[in-house]
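Structural characterization, general
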2 protein chains.
Amino acid sequence: MKKLINDPKNVVPESVEGFASAHADIVRASTDPIFIVRSDAPSGKVGIVSGGGSGHEPLHGGFVGFGMLDAAVPGAVFTSPTPDPIVAATAAVDGGRGVLHIVKNYTGDVLNFETAADLAAVDGIEVRSVVVNDDVAVQDSLYTAGRRGVAGTVLVEKIAGASAQRGDSLDDVAAVAEKVIAQVRSMGVALTPCVVPHAGEPSFALEDDEMEIGIGIHGEPGREKIKLQPADAIVDRLLGPIIDDIPFASGDKVLLLVNGMGGTPQIELYIIYRRAAQVLAERGIEVTRSLVGNFTTSLEMQGMSLSVLKLDDELTELWDAPVQTAALRWGR
Amino acid sequence: MKKLINDPKNVVPESVEGFASAHADIVRASTDPIFIVRSDAPSGKVGIVSGGGSGHEPLHGGFVGFGMLDAAVPGAVFTSPTPDPIVAATAAVDGGRGVLHIVKNYTGDVLNFETAADLAAVDGIEVRSVVVNDDVAVQDSLYTAGRRGVAGTVLVEKIAGASAQRGDSLDDVAAVAEKVIAQVRSMGVALTPCVVPHAGEPSFALEDDEMEIGIGIHGEPGREKIKLQPADAIVDRLLGPIIDDIPFASGDKVLLLVNGMGGTPQIELYIIYRRAAQVLAERGIEVTRSLVGNFTTSLEMQGMSLSVLKLDDELTELWDAPVQTAALRWGR
């Protein structure tokens, strides 16, 4: 295992400490229990909390700040946070107008956020939850009943965050989050596995000439292991199921997200973007917004995922709204 | 070789095409010769051009836009661009007040940018050049006489870009670039090599328990190959030579850049940041600005570099000035 870490059991607390130190203008960290929260402590707006296992950075801590999340709760690597820190983060960001939980669809996350929402309710905090399940690769998977939540989560967090930031009610923020979830689809590919620090071994095996189509962000099995192909053929193989799922149709305006899994060079992500934009154009689908980079990662995994979100005027306006976080920043 | 590419010889043109397509609001690409240029074609200001071998993305194309570079010239992977595209990019951004070339100190880059500057002068364009040489690891190296230019280049481009954007003269923009070069020092480490697409083989070898201290951004040899150590010990080993070189002193205010080499997870970069900030604080050096992420990469190499820039009021103001590029964006 080759990693820039100290004791594997300190990976998350040390990384969170470094993150809060580097971005003290935007966030601060609670250390016991561990969560990341906006340093400007906004009030008078709906709070938004997300979280999940670590190892997917910048998801979720990198999206805490003006116009996006109010708090993020990191669990151990690839392990859901327990209810306690979720309750604490929820209480920290409740400004009296309620709190939205944005949860990726993994059994552990769903259960722990549900428990946390019940506990927060006992304390008089109104909580609504949405569950992101954008991955079209498989119906059920290791750790998940139903479809998994993957990189589309970033789009839910940005757009719901903008809705909360402009002062929308909890019902309205939850409704716009559900709208994004209904209109975004994703699928990924891995060329290499990743190594969870406390495990010390690769989470799965791939031959030197092999890739896994439909991989999950924890290395869960996808649709098939096949021989490595040229980038354009891989894009075609991922975009087909994405387009057919909703389905997206000629005349649609979309946001195209090419998400690196952590170990793929940017030069490759733009080769992927090129082909994905071509395929969508051939289908009459217009890419009006785009995002390329490492946003929902799997440690050092080489690979990427594609996400397509159907836009309308409301979603476009919320996407374009100012945001100021460690990992996404514009207009402010 | 596991890469998300098509034909290795098309890696750069296809990636540039995808990049320009994804960021059409900020840049456009010339295809013959290949260069990336601001889409808003600013005039009345000093132009700034940088470039070099591809494989270090987002350097340099990701830094083209308002407040930073006016054009970037990508060569083949790890290979300097020839003079022709540099001349074309220089002519494209000359608004009559002259053009600054920002060049990393590699023999090929220095030679080709010099030739390009001479050719541009024949066409009546006033060109000044600065050469970045921030890497304290070794005095001479493969491809380089003197010290190499590495991640500190990003800081030169941002600060000189802000100087040009506010309307400074060519002399003044060049002077502020030279000031940054005089005050920034860097050093890196690699845990794994990278594979140049047209070579198909790792560029150097490291054992499973080995790392290279003082690595160059093309995998050139550094100071020593040693056994892998905990993150904190690695930081101490890199920061010592950086601090001692200028030297930085107690009371200094600095910008701390933790730069990922491309294949290192963000969770590890923040563990590195945590220790680096601690060491600087112990020395009485105050980190007043920071930057953490993949900015000057070596394809999929696992590793990172640390850069420390001594700030004063002028450099801080120029660092904070609005910027709008694909890879750095704030205040606008």
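Treat the numbers as computed from the prediction; the structure is a model and nothing was measured. Residue numbers run consecutively from 1 along every chain, following the written order of its sequence. Key to labels: chains lettered from A, ligands numbered from 1, both in the order written. Reporting in this predicted model follows two pLDDT cut-offs: at least 70 for local features of residues, and 80 or more for side-chain atom pairs to be given and counted; totals over whole chains, interfaces and linings ignore these cut-offs and use all residues. As a convention, hydrogens and water are excluded, and side-chain values are obtained from all of the structure's heavy atoms.

**Details of the domain arrangement of chain A**
All names here are of chain A. We note that the domain assignment places domain 1 (12–183) and domain 2 (184–322) within chain A. In this document the domain limits rely on a domain assignment from an automatic tool or a database. Distance between the C-alpha centres of domain 1 and domain 2: 22 Å. When checking whether two residues touch, look at their non-hydrogen atoms; a contact exists if any pair is within 4.5 Å. Taken together, the contact pairs 39 residues of domain 1 with 45 residues of domain 2. Between domain 1 and domain 2 lies a buried interface of about 3400 Å² when both sides are counted; carbon and sulfur atoms form 63% of it. Salt bridge, as used here: a side-chain nitrogen of Lys or Arg that lies within 4 Å of a carboxyl oxygen of Asp or Glu. Counting across the domain 1 and domain 2 interface gives five salt bridges. Here Arg147 ties to Asp245 by a salt bridge, and the two come within 3.2 Å at their closest N and O atoms. Polar contacts here mean pairs of N or O atoms no more than 3.5 Å apart (in protein, one a potential hydrogen donor and the other a potential acceptor; neighbouring residues in sequence count only if both atoms are side-chain atoms). Applying the counting rule to domain 1 against domain 2 returns 21 residue pairs in polar contact (both at pLDDT 80 or more). Secondary structure elements follow DSSP: runs of H or I of four or more residues count as helices, runs of E of two or more count as strands, with numbering from the N terminus. The element that contributes the greatest number of residues to the side of domain 1 that touches domain 2 is helix 4 (residues 152–165), accounting for seven residues. Once two parts are brought into contact, the accessible area they lose, counted with a 1.4 Å probe and summed over both, makes up the buried area.

**What to know about the interface of chain B and chain A**
The interface is formed by 58 residues belonging to chain B together with 58 residues belonging to chain A. In total, about 4700 Å² of surface goes out of reach between chain B and chain A, with carbon and sulfur atoms giving 59% of it. When the area that chain B buries against chain A is broken down by residue, the three leading residues are B:Lys2, B:Leu4 and B:Ile267, summing to 20%. Counting every contact that joins chain B to chain A gives six salt bridges. Note that A:Glu17 and B:Arg274 form a salt bridge whose closest N and O atoms lie 2.9 Å from each other. Along the contact surface separating chain B from chain A lie 22 residue pairs in polar contact (both at pLDDT 80 or more). Counting only elements with at least two residues in the side of chain B that touches chain A, the list comes to helix 1 (11–22), helix 6 (231–245), helix 7 (266–282), strand 11 (286–293), strand 12 (303–310) and strand 14 (329–330) of chain B. Tallying contributions element by element places helix 7 of chain B first for the side of chain B that touches chain A, with ten residues. Polar here means any residue outside two lists: the nonpolar Ala, Val, Leu, Ile, Met, Phe, Trp, Tyr, Cys and Pro, and the charged Asp, Glu, Lys and Arg; Gly therefore counts as polar. Across the side of chain B that touches chain A, the residue classes tally to 25 nonpolar, 18 polar and 15 charged.

**Some details on the side chain of B:Ser186**
All names here are of chain B. With respect to the element layout, Ser186 can be found in strand 7 (residues 184–190). Side-chain polar atoms of Ser186 contact the side chain of Asp134, separated by 2.6 Å. For Ser186, the side chain forms a polar contact with the side chain of Ser307, separated by 2.5 Å. Leave out the neighbours within four places in its chain, and Ser186 touches Asp134, Asp135, Val136, Ala137, Val150, Gly152, Ile242, Leu306 and Ser307.

**Here's the deal with the sheet that holds strand 9 (residues 224–227) of chain A**
All names here are of chain A. DSSP calls a pair of strands paired once it identifies at least 2 bridges connecting them. Pairing is mixed in the open sheet, where six strands are placed in the order 9-8-7-12-10-11. Looking at strand neighbours, the two that pair on one side only are strand 9 and strand 11 (286–293), the edges of this open sheet. When the angles between neighbouring strand axes are averaged without regard to direction, this sheet yields 20°. One ladder, built from seven bridges, connects strand 7 (residues 184–190) with strand 12 (residues 303–310); its direction is antiparallel. Lines fitted to C-alpha atoms define the axes here, with helix axes fitted over just the stretch in contact, and angles between the N-to-C directions of these axes take values from 0 to 180 degrees.

**Some words on the nonpolar core**
Judged by nonpolar contacts, the single largest core of 97 residues is most densely connected at A:Leu239, A:Leu306 and B:Leu100. At ten residues, helix 7 (residues 266–282) of chain A tops the list of elements feeding residues into this core. The contact partners of A:Leu239, leaving out residues within four places of it in the chain, are A:Ala276, A:Val279, A:Leu280, A:Leu306 and A:Val308. Ranked by size, the runner-up nonpolar core spans 96 residues in total, among them A:Ile26, A:Leu69, B:Ile242 and B:Met304. Side-chain atoms within 4.5 Å link the members of a nonpolar core, which is a set of buried Ala, Val, Leu, Ile, Met, Phe, Trp, Tyr and Cys residues. Working definition: with a 1.4 Å probe on protein chains only, accessible area under 20% of the residue-type maximum means buried, over 50% means exposed, and in between means partly exposed.

**A closer look at the packing of helix 6 (residues 231–245) of chain A against helix 7 of chain A**
Residue and element names in this part refer to chain A. Here helix 6 crosses helix 7 at 50°, and the two axes come no closer than 9 Å. Classified by the interaxial angle, the pair formed by helix 6 and helix 7 is oblique. Our pair here, helix 6 against helix 7, has a crossing hand that is right-handed. Two secondary-structure elements touch here, helix 6 through Ala231, Asp232, Val235, Asp236, Leu239 and Ile243 and helix 7 through Ile271, Ile272, Arg274, Arg275, Ala276, Val279 and Leu280. Split into classes, the residues belonging to the contact of helix 6 with helix 7 amount to nine nonpolar, no polar and four charged. For this classification, under 35 degrees means roughly parallel, over 145 means roughly antiparallel, 65 to 115 means roughly perpendicular, and everything else is oblique. By convention the crossing between two helices is left-handed if the near helix lies anticlockwise of the far one by an angle smaller than a right angle, and right-handed if it lies clockwise.

**Quick word on the relation of the copies chain B and chain A**
Of the two same-sequence chains, chain B is brought onto chain A (RMSD 0.0 Å, axial shift 0.0 Å) by a rotation of 180°. Each copy turns onto its partner about a two-fold axis. Scanning chain B for the C-alpha nearest the rotation axis identifies B:Gly263, at a separation of 2.0 Å. The fraction of interface residues of chain B whose copies in chain A are also interface residues reaches 100%, indicating that both copies meet through the same surface. Copies are brought into register by a least-squares superposition over C-alpha atoms of residues with pLDDT of at least 70 in both.

**Remarks on the packing of aromatic side chains**
Side-chain rings of Phe, Tyr and Trp (the six-membered ring for Trp) are treated as a pair once their centres are within 6.5 Å; stacked means planes under 30 degrees apart, edge-to-face means over 60, and tilted covers the remaining angles. Tallied over the entire structure, the rule returns four aromatic pairs over all chains. With 5.0 Å between their ring centres and 75° between their planes, A:Tyr270 and B:Phe19 make a pair best called edge-to-face. Taken together, the residues A:Tyr270 in helix 7 and B:Phe19 in helix 1 connect one chain to another. A relative accessible area of 5% places B:Phe19 in the buried class. Between the aromatic rings of B:Trp319 and B:Trp330, the centroid separation amounts to 5.3 Å while the plane-to-plane angle is 55°, which identifies the pairing as tilted. Of this pair, B:Trp319 sits in helix 8 (residues 313–320) while B:Trp330 sits in strand 14, and the two are eleven residues apart along the sequence. When sorted by exposure, B:Trp319 lands in the same class as B:Trp330, which is buried.

**Some points on the pattern of salt bridges**
If you walk through the whole model with that rule in mind, you get 50 salt bridges over all chains. The shortest N-O distance in the salt bridge between B:Lys3 and A:Glu268 comes to 3.9 Å. One end of the pair, B:Lys3, is in the segment before helix 1; the other, A:Glu268, is in helix 7, on a second chain. Here B:Lys3 and A:Glu268 have matching classes, each one buried. One salt bridge in this structure joins B:Asp168 and B:Arg166, with 2.9 Å as the shortest N-O distance. You can call B:Asp168 buried: its relative accessible area is 15%. Overall, the relative accessible area of 43% leaves B:Arg166 in the partly exposed class. When salt bridges with common partners are traced through the structure, they connect A:Arg166, A:Asp168, A:Lys179, A:Asp312, A:Glu314 and A:Glu317 into a single cluster.

**Considering unusual backbone geometry**
Looking along the chain, the bond that leaves A:Ile246 and enters A:Pro247 is cis, with omega of -10°. Within the secondary structure, A:Pro247 is located in the loop between helix 6 and strand 10 (253–260). Cis peptide bonds are those with omega within 30 degrees of zero, and the linkage from B:Asp32 to B:Pro33 qualifies with 0°. Inspection of the secondary structure puts B:Pro33 in the loop between strand 1 (27–31) and strand 2 (34–38). With a phi close to 50°, A:Leu299 is a non-glycine residue in the positive phi region. By the element assignment, A:Leu299 lies in the loop between strand 11 and strand 12.

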